[in-house]
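Listed below, chain by chain, are the residues.
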Amino acid sequence: MFILVNLKAYPCDPIDVATAARDVAEASGARIAISPQAADVARVAETGVETWAQHVSPNAHGSHTGSTLAEAVADNGAEGTLINHSENRLKLADVDGSVRAAERANLETIVCANNPAQVGAAAALGPDAVAVEPPELIGGDVSVSTADPGIVEDAVAAAEAVDPAVDVFCGAGVSTGDDVAAAGDLGASGILLASGVAKADDPRAALEDLVGGI
Ligand SMILES: O=C[C@H](O)COP(=O)(O)O
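Chains are numbered independently. Their residues run from 1 in the order of the written sequence. Reporting of local features is limited, given that this is a predicted model, to residues whose pLDDT is at least 70; pairs of side-chain atoms are given and counted only at 80 or more, and all residues count toward the totals for whole chains, interfaces and linings. Note that the side-chain values use all heavy atoms of the structure and ignore hydrogens as well as water.

As recorded in an unreviewed UniProt entry, the protein goes by Triosephosphate isomerase and comes from Halorubrum trueperi. UniProt positions are given in the numbering used here, feature names are shortened, and annotations may be inferred rather than shown by experiment. UniProt, in the comment section headed Subcellular location (unreviewed entry), describes the protein in these words: "Cytoplasm". Recorded under Subunit (unreviewed entry), the UniProt text for the protein is reproduced unchanged: "Homotetramer; dimer of dimers."

**Some words on the overall build of the protein**
The secondary structure listing takes helices from DSSP runs of H or I that are at least 4 residues long and strands from runs of E that are at least 2 residues long, numbered from the N terminus. On a plain count of helices and strands, the protein comes out with ten helices and eight strands. It is over C-alpha atoms that the radius of gyration is taken, and the globule rule equals 2.2 Å times the number of residues to the power 0.38. Relative to the compact-globule value of 17 Å for 214 residues, the protein shows a C-alpha radius of gyration of 16 Å, a close match. With the C-alpha coordinates aligned to their principal axes, the bounding extent of the protein is approximately 45 × 40 × 30 Å. Within the protein, the fraction of its 214 residues that count as buried is 52%. Whether two residues are in contact is decided by their heavy atoms: any pair within 4.5 Å suffices. Once local pairs closer than 6 in sequence are excluded, the contacts in the protein between residues at least 24 apart make up 67%. Relative accessibility decides the category of a residue: with a 1.4 Å probe and only protein chains considered, values under 20% of the type maximum give buried, values over 50% give exposed, and everything between is partly exposed.

**Examining unusual backbone geometry**
Backbone geometry at Asn106 places phi at a positive 60°, although glycine is not the residue there. Turning to its location among the elements, Asn106 is positioned in the loop between helix 4 (92-104) and strand 5 (108-113). Classification of Asn106 by relative accessible area gives exposed; the value is 68%.

**Brief notes about the packing of aromatic side chains**
Each Phe, Tyr or Trp ring (for Trp, its six-membered ring) is paired with any other whose centre lies within 6.5 Å, and the angle between the two planes then decides the class: stacked below 30 degrees, edge-to-face above 60, tilted in between. According to the stated counting rule, one finds two aromatic pairs in the structure shown. Measuring from ring centre to ring centre gives 5.5 Å for Phe2 and Phe169, while their planes differ by 85°; the resulting arrangement is edge-to-face. Within this pair, whereas Phe2 is found in strand 1 (residues 2-6), its partner Phe169 is found in strand 7 (residues 167-171), the two being separated by 167 residues in sequence. Comparing Phe2 with Phe169 shows no difference in burial state: the two are buried. In textbook terms, an aromatic cluster arises when at least three aromatic residues are bridged by ring pairs, as seen for Phe2, Trp52 and Phe169.

**Focus: the packing of helix 1 (residues 14-28) against helix 10 (residues 203-211)**
A pair of packed helices can be characterised by two numbers: the angle between their axes and the separation between those axes. Contact geometry for helix 1 and helix 10: axes closest at 9 Å, N-to-C directions at 35°. Once helix 1 is placed against helix 10, the crossing between them reads as right-handed. For the pair helix 1 and helix 10, contact is made by Val17, Thr19, Ala20, Ala21, Asp23, Val24 and Ser28 and by Pro203, Arg204, Leu207, Glu208 and Val211, respectively. In this classification, the charged set is Asp, Glu, Lys and Arg, the nonpolar set is Ala, Val, Leu, Ile, Met, Phe, Trp, Tyr, Cys and Pro, and all remaining amino acids, among them Gly, are polar. Residues that form the contact of helix 1 with helix 10 fall into these classes: seven nonpolar, two polar and three charged. To obtain an axis, a line is fitted to C-alpha atoms, over the contacting stretch when the element is a helix, and the angle between two such axes runs from 0 to 180 degrees between their N-to-C directions. If you view the pair so one helix is near and one far, a crossing is left-handed when the near helix is turned anticlockwise from the far one by less than a right angle, and right-handed when it is turned clockwise.

**As for the pairing of strand 5**
Buried residues dominate strand 5, accounting for five of its six residues. DSSP calls a pair of strands paired once it identifies at least 2 bridges connecting them. Sheet topology note: the strand 4 (residues 80-83)/strand 5 ladder contains four bridges and is parallel. Residue pairing across strands places Leu82 opposite Ile110, the latter belonging to strand 5. Pairing of strand 5 with strand 6 (residues 129-132), which is carried by four bridges, proceeds in the parallel orientation. Across the sheet, residue Ala113 finds its bridge partner in strand 6, namely Val132. Taken together, strand 5, helix 5 (residues 116-123) and strand 6 form a β-α-β motif whose crossover is right-handed. When the strands point away from the viewer and the connection leading from the first strand across the helix to the second strand turns clockwise, the crossover is called right-handed.

Below, the structure is given as structure tokens:
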């Protein structure tokens, strides 16, 4: 199980969380990555933790003010990127464009989706993985693997039907090792979470608990 921690725009210290994630990954052997704000990608990557962007634009170099280029985050140490997060939805053509831009920059990709139907559509675009997140559970206290296990199983089936090479992650409300273990039992290959670590009083302890479920 791959644990990807999205820091969103939470007011945590990205370096503190990144350092804890690096240490917990090294001690446990678990794969843990941190996805900070674009402005923090370089200094988070400098901690040695696996670093992901929260978004990349479909654009290449050119007259695109405000874009976050895949090439730019890759040059600053990112190894992968989220695309189409529930809080940063894109048009279908732009999801496709962002996946292609990430490929050009050799970034791993996870395309987010609200439900199994969207998972199937996202899988057809050829990302490395898709992540199913019911929007109503994001930021809550109840894990998707407990509140709606069927959506995880259906997402796994939807991706498998389109492209068995595409991994399926799940997210929303995940905060404990038990939540991670339950997601794995449902067929998920990874976890996308945020508040359970970024808003924790002790992010290091939260990460240690999470990897206990792998
Ligand atoms: O990117 C992370 C997901 O939106 C889940 O967020 P959450 O763990 O705070 O529910």
